[in-house]
Every structure is written in C-alpha cells, then in structure tokens.
Amino acid sequence: MTKNKYIVGEHEHKTRVDKLLAEQNNNVSRSRVQSWIEEAYVTVNGACIKPNYKCQQGDRIEWMVPETQPLSLIPEAIDLDIVYEDKDILVVNKPKGMVVHPSAGHQSGTLVHALLYHCTDLSGINGVERPGIVHRLDKDTSGLLVVAKHDEAHQQLANQLVQKTMKRTYQAIVHGQIPHEKGLIEAPIGRDPKDRQKMAVVDNGKQAITHFRVLQSYQDFSHVECQLETGRTHQIRVHMKYIGYPIVGDPKYGPRKTLPTNGQVLHAKELRFNHPIQNEEMHFTTDLPIYFQDLLVYIQKMY
C-alpha cells in the first residue's frame, strides 16, 4: 500500500479529518474514510486520531488506502423483483422477510447473495459484506431500495442521502386512531440505554425527522404514509412509537397484542432520486404487497 501525505492549509483549519480526507480521495465516502481511521490506516502528526478530530493548520496527515478484500460470499439463485436496471444502478422491490445483507444469524439467503448471482458489478464502498448497498430496509420491511453497481454511482447516491434530496415514502398500519390529518416528528434517535438491541428517542441521539399523514382512520388503527427526511436505524418504527402510535406487528416497538401478521406492517412504497450518472430525476412506486392489502381488508371487516 502506498502512503499518502497532506498538509492542512489555513482555510482547512478546524475541518473534520474524515471530511477532509473524503475530499482528497475522489469518490470515497466519509463512512469509508472513518473505517480507515478506526483501523489505524490514518495518522495526524504520526498519531492515531478519531474520525471527528478537527484539523489544525500545518497538521501532517498520512494515510494508506487498504486493498479491497476478496469477496467471500457465495452468490445464490434467489428471485428478485427488479423494478429498474441499467449499467449504473438497480432498483429492487424487496419482499417482507428478506434480510438485506449478511450479519450474525443471516449468512445466506440475503438480498446481497441474490444480487451477486444477478450481476457481478457492484460497488465496494460499503465493504465486502454489503456490495452495492446504499441504504437498507429492515428484514420485515418490504419495498423499494436502490443498489449501486460501481463506486461513483454509490458515492453520488450517498451524497443525495446526506443532502436529503433522495425522497423515500413509506406506508404503515399503526395502532390507535390518529386525531389529526398530518404531522411532523422531530426527535433525536440513538441506542436505547436500557436495551442495546433497540433504538429510542434520546437526548444525545442523532437528528431524526419524519413527516406523516393519515390516509385512513379506523376505530383502533390508522393507515399512514411516512416520508423520511433523515435515515436513522428503525426511524419510522421508533418515531411512531414515540408519539403513541406503534406500527402493527412490530416485535421490537409495538404491543404484544396485535393483528395477525408476522413482523411490522411497513412498506417502502415510493422512491425519488436523481440518477447518479445521468442526473435525470428518477421516480419509482410499487403497489402495496398482498400481506398489507389483506390486513387492510381484515381491519375494514372488523368495523
């Protein structure tokens, strides 16, 4: 690996080191730079630092770009509902119950395994376990997500997420009759201090903003549409619980007594972004999946 060097200039004083290095390495995300820092590939004045270190004028930054690890995942012939595909991106309609990328307890059958069988050209920015994955959906959340086929496309899409220009709209069924037509939830999200397996609204959490509107009200339930302005882990699930209307079937954040369904009733129905290479506006939408439609009919018959 080649060692790279950079001296911090006057105009870069107090700039975060991860931001500065991302700018110096074209088409590399800040998250990737942060992984270099955490793995000690980056030093400032000969010492290891944290990703949020603020540079001082004259600092000597040295870094090495780690070699891409060989892909160890075995492609699997799993059917995919591909909504759109070109040489740069894929848009996939993920089914409920499919895990997006490998993790503890999910070493096969994921969306990544299926993508690797479908195409060999996926971006490597998020590492060998998450090739092409720009954003993710929880296992039991169905719907649309975009996949990058190369690093340039990945970086451009990631920038749209950061700049909040990628629009993701979901539909859900929640417990309770929401008394108003629409609302805005702005509450920071972080790890639940009482349960590290869950997220929660906490004072020291990251900014999280969800817009919602009620599509249909019932006596004990509401059919809602939610639009993400930010993309925190479990954001819609946590926010709807926070305001007192948890998602039906949610095993982490909802009540145990719920309607007959397996996992949260949450579907990523609409996706808008600019094409990462052609810069044309892209807009995709899907029908509600059968499990969602069936549950709406079930609720209607209750009243």
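From a predicted model like this one, the values you see are computed outputs, not experimental measurements. (Residues numbered from 1 in each chain as written. Predicted model: local features only at pLDDT ≥ 70, side-chain atom pairs only at ≥ 80, totals over all residues. Heavy atoms only, no water.)

**Observations concerning the nonpolar core**
Leu115, Ile178, Ile236 and Met240 are the most contacted members of the largest nonpolar core, which has 31 residues in total. Secondary-structure elements contributing two or more residues to this core are β5 (89–94), α3 (111–118), β6 (142–148), β7 (167–175), β11 (209–217), β12 (221–228), α5 (235–242) and β13 (266–274). Among the elements that line this core, the one with the most residues is α3, at 4 residues. Apart from the residues within four sequence positions on either side, Ile178 is in contact with Phe212, Val214, Ser217, Ser222, Val224, Met240 and Tyr245. (Core = buried A, V, L, I, M, F, W, Y, C linked by side-chain atoms within 4.5 Å. Buried < 20%, exposed > 50% of the residue type's maximum accessible area, 1.4 Å probe, protein only. Helix = DSSP H or I, 4+ residues; strand = E, 2+ residues; numbered from the N terminus. Contact = heavy atoms within 4.5 Å.)

**Let's talk about helix α1 (residues 17–24)**
Those residues of α1 that sit buried are Val17, Asp18, Leu20, Leu21 and Ala22. Elements that come into contact with the buried residues of α1 comprise β1 (3–7), α2 (30–38), β2 (42–44) and β3 (60–64).

**Things to note about the UniProt feature "active site" (unreviewed entry) in the chain**
In the numbering adopted here, UniProt assigns the feature "active site" (unreviewed entry) to Asp138. Topologically, Asp138 is positioned in the loop between α3 and β6. (UniProt positions renumbered as here; feature names shortened; annotations may be inferred.)

**Some details on the domain arrangement of the chain**
Per the domain assignment, the segments of the chain are domain 1 (2–65) and domain 2 (82–302). In this structure, domain 1 and domain 2 have C-alpha centres spaced 32 Å apart. (Domains from an automatic or database assignment.)

**Overview of the side chain of Lys94**
Along the chain, Lys94 turns up in strand β5. Salt bridges are absent for the buried Lys94, whose nearest opposite-charge side chain, Asp140, sits at 6.7 Å. Ignoring any residue separated from it by four or fewer positions in sequence, one finds Lys94 in contact with Val100, Leu137, Asp138, Lys139, Thr141, Ser142 and Gly143. (Lys, Arg positive; Asp, Glu negative; His and termini not counted. Salt bridge = Lys/Arg side-chain N within 4 Å of Asp/Glu carboxyl O.)

**So, the pairing of β6**
When you tally the buried positions in β6, you get 7 out of 7 residues, the bulk of the element. Bridging between β5 and β6 involves 6 bridges; their strand directions are antiparallel. Its bridge partner being in β6, Asn93 is matched across the sheet by Leu144. Across 2 bridges, β6 lies against β13 in parallel orientation. Its bridge partner being in β13, Gly143 is matched across the sheet by Ala268. (Pairing = 2+ DSSP bridges.)

**A closer look at the pattern of salt bridges**
Scanning the model with the defined rule gives 13 salt bridges in all. Taking the shortest distance from any N to any O, the salt bridge between Arg30 and Asp18 comes out at 3.5 Å. Residue Arg30 is located in helix α2, and its partner Asp18 is located in helix α1; the two are separated by 12 residues in the primary sequence. For Arg30, a relative accessible area of 35% puts it in the partly exposed group. The exposure class assigned to Asp18 is buried, which follows from its relative accessible area of 0%. In this structure, the salt-bridge partner of Glu23 is Lys19, at a minimum N-O distance of 2.7 Å. With a gap of 4 residues between them, Glu23 and Lys19 both fall in helix α1, about one helical turn apart. Relative accessible area serves as the criterion here: at 44%, Glu23 is assigned to the partly exposed category. A relative accessible area of 36% places Lys19 in the partly exposed class. Linked through salt bridges whose partners overlap, the residues forming this network are Arg136, Asp138, Arg237 and Asp250.

**Quick look at empty space enclosed by the protein**
Counted according to the given criterion, the structure contains 1 cavity of 30 Å³ or more. Reported here for the largest cavity is a volume of approximately 30 Å³. The class makeup of the residues in the lining of the largest cavity is 5 nonpolar, 2 polar and 2 charged. (1 Å grid on protein atoms, 1.4 Å probe; cavity = no way out; pocket = protein on both sides within 12 Å on 5 of 7 lines; lining within 4 Å. Points joined across faces, edges and corners; volume = space filled by probe spheres on them. Nonpolar A, V, L, I, M, F, W, Y, C, P; charged D, E, K, R; others polar.)

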